[in-house]
Structures are given as structure tokens and as C-alpha cells.
Amino acid sequence: MSEQYPPANHPDSEDRSGAGPGRGTHSRGAGASGQRPRRTGSAAVSSGKPLSSGKALSSGKALSSDTADVIVVGAGPAGSAAAYHLATAGLDVLLLEKTSFPREKVCGDGLTPRAVKALTAMGIPVEPGNGWLLNKGLRIIGGGGRIELAWPDLSSFPGYGTVRTRTDFDELLARHAQKAGVRLLENIAVTGLTTDERTGLVTGVTAREAAAPPAEGAGPGARASKRPNGAQRNFGARLVLAADGNSSRLSVSMGLRTRPDRPLGVAVRTYYKTPRHDDDYLEAWLDLWDGKQLLPGYGWIFGMGDGTSNVGLGLLNTSDAFGNIDYRALLKRWLAAMPAEWGFAEENMSQPVRGAALPMGFNRTPHYTRGLVLVGDAGGMVNPFNGEGIAYAMESGELAARSVVQALARPTAAGTERVLQSYPAALKQAYGGYYTLGRTFVKAIGHPSFMKFATRHGIKRPAVMRMTMKLLGNLTEPRGGDAVDRVINALSKMSPAA
Ligand SMILES: Cc1cc2nc3c(=O)[nH]c(=O)nc-3n(C[C@H](O)[C@H](O)[C@H](O)COP(=O)(O)OP(=O)(O)OC[C@H]3O[C@@H](n4cnc5c(N)ncnc54)[C@H](O)[C@@H]3O)c2cc1C
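So, here is what we can say about the structure in this document.

### Some thoughts on the packing of helix α6 (residues 390–408) against helix α7 (residues 413–445)
Angle between the axes and distance between the axes: these two values describe a pair of packed helices.
Phase 1 of the analysis: Their axes nearest at 8 Å, the elements α6 and α7 cross at an angle of 155°. In terms of axis orientation, α6 runs roughly antiparallel to α7. Crossing of α6 against α7: the hand is right-handed. Residues Tyr392, Glu395, Ser396, Leu399, Ala400, Ser403, Val404, Gln406, Ala407 and Leu408 of α6 touch α7, and the partners they reach there are Thr416, Val419, Leu420, Ser422, Tyr423, Leu427, Ala430, Tyr431, Tyr434 and Tyr435.
Phase 2 of the analysis: For the contact of α6 with α7, a count of residues per class yields 14 nonpolar, five polar and one charged.

Structure (C-alpha cells):
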């Protein structure tokens, strides 16, 4: 079993380059001419020079290949979704990604109806075949019981979810954004932000060409190699979106660190060749034990429909055991109790066990500061109830895009700033109360006795489990709906959106 965590050329691997930010200044708002910048042709010349001071980007002239209305850093689901929505609204968008597609991303690959809705909103059809394996709901196993719960069929969300490997999924999204006019540059690792000395506002990014193409004759499977001395690049924009994942170096460089008062999870996963690969339910196991202690978290088995299942587990930081657990050993122990015919044995493991953090419940705030907008994991958007992050990455990308489009259309810098400040408010309105409830939930299940009680008694009561599923999946009708929807919505509204 490989212990590499995270692997090279992997989106979870941290960028350790120390290149400092360059300096450039340019105006915000609509600029001197009052016009929005025009889109550039793809053949624009790349100068590679730092931006010169005092140049207005929004002059109405064609932008160079190194400038754009908006730079999005990171082409995961948050970055690609944001870039897509920005480009669709007519903005010139540079999407900078430090790896090259296709590339691996550590994930459970499970997509709920929420994620399907966000994909549909981008014009990506989620239909049987074409790489999608649709699922009908969630199977929960634990406390001596087993229950299958169909996804609720609502006007607000479709009644099905899906699975797709992130290797495939992330490339699909990035290429979709490209088709919408986004200029995607791969193998570009952003190393810092540039700011206006006078206003302190972000004016662009510094970057390094991260990888050289595989050597000639290296064969089709060869990976790009790291090139630490790759060319330095500067890119300028009126705004920068940090979609650079859970460690978000960009946010840290602006002093936005993760909040210790917010929940955090850690999850690991691998793939097994198994006869259980063709499952039309996502499967969650609540029985994760550390000795006699039931842990706050769950294991999952998500059939991928390709001969393999994605198998993993995630834990929350609200238990005493959190920092002291050997996740790989726990995974092995949990799987050892499975029927042998399922094939969850070392010899059937098709990928190494890898893990990463799950930043939950707005664990990095504020989501906008001085020209930097945070989306997805960078802003700690993972749902604390169930560890789902992809849907929230795409949704926050869309919410951010909506604010940015309006902001850049304002004729004054003050107007632009005012609209940008409304993005954190929009996020709070969308998820704030619900995430506050989620924080209470993760604290409660951090107590082994509560977790044990809830698992043992809940699983045997289908009505309770149906309500639990709606709550954990954040799948209710925002208006009207049934009694369960109304209770969950009322609880979310009553909870302070902090
Ligand atoms: C083990 C595990 C299982 C999970 N299972 C699920 C699941 O089943 N369903 C679900 O919904 N969620 C799941 N999640 C959560 C989900 O993976 C994340 O919430 C989601 O990937 C967040 O998307 P993002 O776009 O914000 O960030 P990411 O997907 O992390 O994308 C960030 C991108 O930014 C790039 N990048 C980073 N730094 C730079 C830089 N300096 N310059 C340029 N590019 C950069 C990276 O290469 C990457 O492409 C799981 C997480 C883990 C760890």
C-alpha cells in the first residue's frame, strides 16, 4: 500500500515555491474610459514581463494573453464552474491550473442530486451512459440495521445522483469551461498575488510554469515532470478567484487562515476491483470503531460501474481520537469485516490509499477581501453534515460569478467593491444557517455515546432516516415542501448564519 500523500502532479500537493508577488497597479471598476474590457483573441502575444505600473486593464483595448477581466486559480469543480459562468456572461477569463488534465484528485467520486443540478445548470447532461453511473439513493448500514433511502423527488432537485472518477469529471468540467470561451492554461502554478501599492487591492498573480512535457519517446503513459526552474509569469486582472482547494495558498497570502472554531474532516480512499461495482445506491457505513469507541464519520462504498468501487472513510475533528488515528489501518480493519466475495483484499486494490482534508462549514472567512474572491474548498464550503464538497464548490462558483459579473459592470471602483462585498452575504444566505446547524451536529456526534445512540435507534426507523437523509443531504424544497422540509428550513433560518 503506497503511503504517498499527496502524490506529485497532484492537486492536493502543496506548492512550495517561494516566489514573492510582483507589483503592478491598475484601476478597478470600469476604468478611465468607462467601458468594459473586450475579449481577447487566443493568439495574443505572451510577453512574460511583469505588468507595468499604473496601467488600466479596463481601457476597452484588447487584453494581452497575460491579462483578463478575471483570473481563476485552480481548475477543480469550483474554478471550472466559476470560470464557465463568468465566460458565459461575456467576461474574459483566465483559468490557471498547476497540473495538466487528465489528473487524479483524491475523492469519493459521489455526486448527489445537488451536484447533478449544478451540472445541469452548466449545460452538462447527466444521463445514463457517457461515463455517468446514475444512482437512486443512499443505502445506510450501521447499528445492526440496513436501510435504502431513495433520493427525495423535489421540484428543486432531481431524484437521482451519479458517480464519476475525478480524473474524468474535472477534465470534463474544465473542457466545458474552455468551450464557453475560458482560456485554460495548464501546468501553471500560481505562486502569489500582485497588489496595488496604493489601494492594497489585488491586481493579478505571479506564476511559474510548473511542468515540462514528458521527454520525447517517453511513451503515452508518461507524466509531466516537475520543473522547479520553469519560466516565471505574471498575469493581471481586475479580480482574482481563489479556487485552489483546501490549503488555498492564495487565501493564506492575504492573511485568510482556516478557522479553528470550524469543523474539519479528514478522508482517505482507494479503489478495489469488485463484483459490487455496479451498484445503483451510494452506500454509507456508520460502524467505524476505534477499539470500543464509535467514531464520528462514515465509511463508503461507491460502485463506479467500471469493475471497481471507490472505497474510503472520513472522520470529523470533533472526537478525541481525530489526531491520533491511523486512517489506513482503520480502513483495513473496517474492510476486513466485509464478506470475502466482495473482494476488498489487498490484491484487488487498484490504486494506493490517499487522503486529504475536508474544510467544512465556512472554515475560512471572509469569502471576499481586497480583490480576492474565495470559492469551493478554499472557502471551506464542504457540507459538515455529510462531507459533500463538489456540489458546494460548483454552487459557490456560480454565486461568485454572479456577483463578479455585476461588480465589474459598475462604473466606479466604489460600486464594484460594494457588489463584491455582497458575495459573502449571498453565501451566508444560501448556507449560513444550515452550516451553523451542521456545526452543532458535528459537535454532537463527536460524543461517542450520542453517535452510538443515534446509529442504533435511528436506523430502525424509516421515517427518522428519511428526515435525516434530507437534512444531511441538504435536499429540501426552499419554499413549501412537506412537513420535514418545513422543519429543516425553519431550523436553518432560526440558526444564526455566522
Ligand atoms: C477522500 C475524499 C473523499 C471525498 N469524497 C467526496 C464525494 O464523494 N463527494 C463530494 O461531493 N465531495 C467529496 N470530497 C470533497 C471534494 O473532493 C472537494 O470538496 C472538492 O474537490 C472541492 O473542489 P474545489 O474545486 O474547491 O477544490 P479542488 O478540487 O481541490 O481543486 C483545486 C484545484 O486547484 C489547483 N491548484 C491548487 N493550487 C494551485 C496553484 N497554486 N496554482 C494553480 N492551480 C492550483 C489544483 O491542482 C486543483 O485542480 C472528498 C474529499 C476527500 C479528501
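Next comes the rest of the account.
### Quick notes on a positive patch on the surface
Phase 1 of the analysis: On the surface, Lys452, Arg456, Lys460 and Arg461 cluster together to form a positively charged patch.
Phase 2 of the analysis: Mapped onto the secondary structure, Lys460 falls in the loop between α8 (448–458) and α9 (462–473).
Phase 3 of the analysis: Look at Lys460 and you get exposed, because its relative accessible area is 52%.

### Quick word on the sheet that holds strand β4 (residues 133–135)
Phase 1 of the analysis: A sheet is described by the order of its strands in space; here three strands give the open sequence β3-β7-β4, paired in antiparallel fashion. Of all the strands in the sheet, just β3 (110–111) and β4 have a single pairing partner and so form its edges.
Phase 2 of the analysis: Direction of pairing for β4 relative to strand β7 (residues 161–163): antiparallel, over a ladder of three bridges. What sits directly across from Asn135, in β7, is Gly161.

### What to know about the site of the ligand
Phase 1 of the analysis: With respect to spatial proximity, 39 residues lie near the ligand, and among them Glu97, Arg103, Gly108, Gly110 and Asp377 are the closest.
Phase 2 of the analysis: In the environment of the ligand, a nitrogen atom lies 3.1 Å from a nitrogen or oxygen atom belonging to the backbone of Lys98.
Phase 3 of the analysis: Residue Gly389 places a main-chain N or O atom 3.1 Å away from an oxygen atom belonging to the ligand.
Phase 4 of the analysis: Burial of the ligand by the surrounding chains reaches 96%, relative to a free accessible area of 1000 Å².
Phase 5 of the analysis: Of all the elements in the fold, those that place two or more residues in the shell around the ligand are α1 (77–88), β9 (188–195), β14 (264–273), β18 (297–303), β20 (354–359) and α6.
Phase 6 of the analysis: No other element matches the three residues that β9 contributes to the shell around the ligand.
Phase 7 of the analysis: Its residues placed into classes, the shell around the ligand shows 21 nonpolar, nine polar and nine charged.

### Describing the sheet that holds strand β19 (residues 308–316)
Phase 1 of the analysis: One open sheet holds the seven strands; their spatial order is β6-β5-β15-β18-β19-β14-β20, and the pairing between them is mixed. Two strands close off the open sheet at either side, each with one partner strand: β6 (145–150) and β20. Taking the axes of each pair of neighbouring strands and ignoring which way they run, one obtains an average angle of 20° across the sheet.
Phase 2 of the analysis: The sheet contact formed by strand β15 (residues 281–285) and β18 spans three bridges and is antiparallel. If you follow Glu283 over to β18, its bridge partner there is Ile301.

### Here we look at the pattern of salt bridges
Phase 1 of the analysis: Under the definition given, this model contains 23 salt bridges.
Phase 2 of the analysis: Of the charged contacts, one joins Glu148 and Arg139 as a salt bridge, the two residues approaching to 2.8 Å between their closest N and O atoms.
Phase 3 of the analysis: Of the residues examined, Glu148 reaches a relative accessible area of 39% and is grouped as partly exposed.
Phase 4 of the analysis: A salt bridge links Asp261 to Arg262, with the shortest nitrogen-to-oxygen separation between them at 4.0 Å.

### Focus on α8
Given 3.6 residues to a turn, an α-helix orients residues that are three or four positions apart in the same direction.
Phase 1 of the analysis: Along α8, the residues that are buried comprise Met451, Thr455 and Gly458. Down the axis of α8, the sector holding all buried residues measures 90°, keeping them to one side. Across from the buried face of α8, at angles greater than 90 degrees, the exposed residues are Ser449 and Phe453.
Phase 2 of the analysis: Residues of α8 that are buried in the fold lie against β5 (137–142), β17 (293–294), β18, α7 and α9.

### A word on α1
Phase 1 of the analysis: Taking 1.5 Å per residue, twelve residues should reach 16 Å; α1 reaches 16 Å between its end C-alpha atoms and fits that length.
Phase 2 of the analysis: Taking burial as the measure, the twelve residues of α1 include eleven buried ones, the bulk of the element.
Phase 3 of the analysis: Burial in α1 covers these residues: Pro77, Ala78, Gly79, Ser80, Ala81, Ala82, Ala83, Tyr84, His85, Leu86 and Ala87.
Phase 4 of the analysis: Packed against the buried residues of α1 are β1 (67–73), β2 (93–96), α2 (113–121), α3 (166–179), β13 (232–242) and α6.
Phase 5 of the analysis: In the segment just after α1, Gly90 is the residue with positive phi, at about 100°.

### Observations regarding the packing of aromatic side chains
Ring pairs (aromatic) are described by centroid distance and by the angle formed between their planes.
Phase 1 of the analysis: Under the defined criterion, the tally for this structure stands at 15 aromatic pairs.
Phase 2 of the analysis: On the numbers, 6.3 Å between centres and 80° between planes, the contact of Trp132 with Phe169 is edge-to-face. Within this pair, whereas Trp132 is found in the loop between α2 and β4, its partner Phe169 is found in helix α3, the two being separated by 37 residues in sequence. Taken individually, Trp132 and Phe169 each receive the classification buried, so the pair is uniform in this respect.
Phase 3 of the analysis: Relative to Phe344, the ring of Tyr272 lies with its centre 5.3 Å away and its plane at 65°, an arrangement referred to as edge-to-face. Here the residue Tyr272 occupies a position in strand β14, and Phe344 occupies one in the loop between α5 (327–336) and β20, the gap between them amounting to 72 residues.
Phase 4 of the analysis: For Tyr272, a relative accessible area of 5% corresponds to the buried category.

### Focus: a nonpolar patch on the surface
Phase 1 of the analysis: Taken together, the side chains of Met467, Val487, Leu491 and Met494 define a hydrophobic patch exposed on the protein surface, amounting to about 350 Å² of accessible area.
Phase 2 of the analysis: Sort the elements by how many residues they give to the nonpolar patch and helix α10 (residues 483–494) lands first, with three residues.
Phase 3 of the analysis: Among the structural elements, Leu491 can be located in helix α10.
Phase 4 of the analysis: Given a relative accessible area of 35%, Leu491 falls into the partly exposed group.

Reading guide: rules and limits
Residues numbered from 1 in each chain as written. Predicted model: local features only at pLDDT ≥ 70, side-chain atom pairs only at ≥ 80, totals over all residues. Heavy atoms only, no water. Axes fitted to C-alpha atoms, helices over the stretch in contact; angles between N-to-C directions. Helix = DSSP H or I, 4+ residues; strand = E, 2+ residues; numbered from the N terminus. Parallel < 35°, antiparallel > 145°, perpendicular 65-115°, else oblique. Left-handed = near helix turned anticlockwise from the far one by under 90°. Contact = heavy atoms within 4.5 Å. Nonpolar A, V, L, I, M, F, W, Y, C, P; charged D, E, K, R; others polar. Patch = residues over 30% accessible without salt bridge, like charges linked within 9 Å, V, L, I, M, F, W, Y side chains within 5 Å. Areas by Shrake-Rupley, 256 points an atom, 1.4 Å probe, with all protein chains shown as cover. Salt bridge = Lys/Arg side-chain N within 4 Å of Asp/Glu carboxyl O. Lys, Arg positive; Asp, Glu negative; His and termini not counted. Charge placed at Lys NZ, Arg CZ, Asp CG, Glu CD. Buried < 20%, exposed > 50% of the residue type's maximum accessible area, 1.4 Å probe, protein only. Pairing = 2+ DSSP bridges. Near = heavy atom within 4 Å. Polar contact = N/O pair within 3.5 Å; in protein donor to acceptor, adjacent residues only side chain to side chain. Arc of directions from axis to C-beta. Expected span 1.5 Å × (residues − 1). Phe/Tyr/Trp six-rings, centres within 6.5 Å; stacked < 30°, edge-to-face > 60°.

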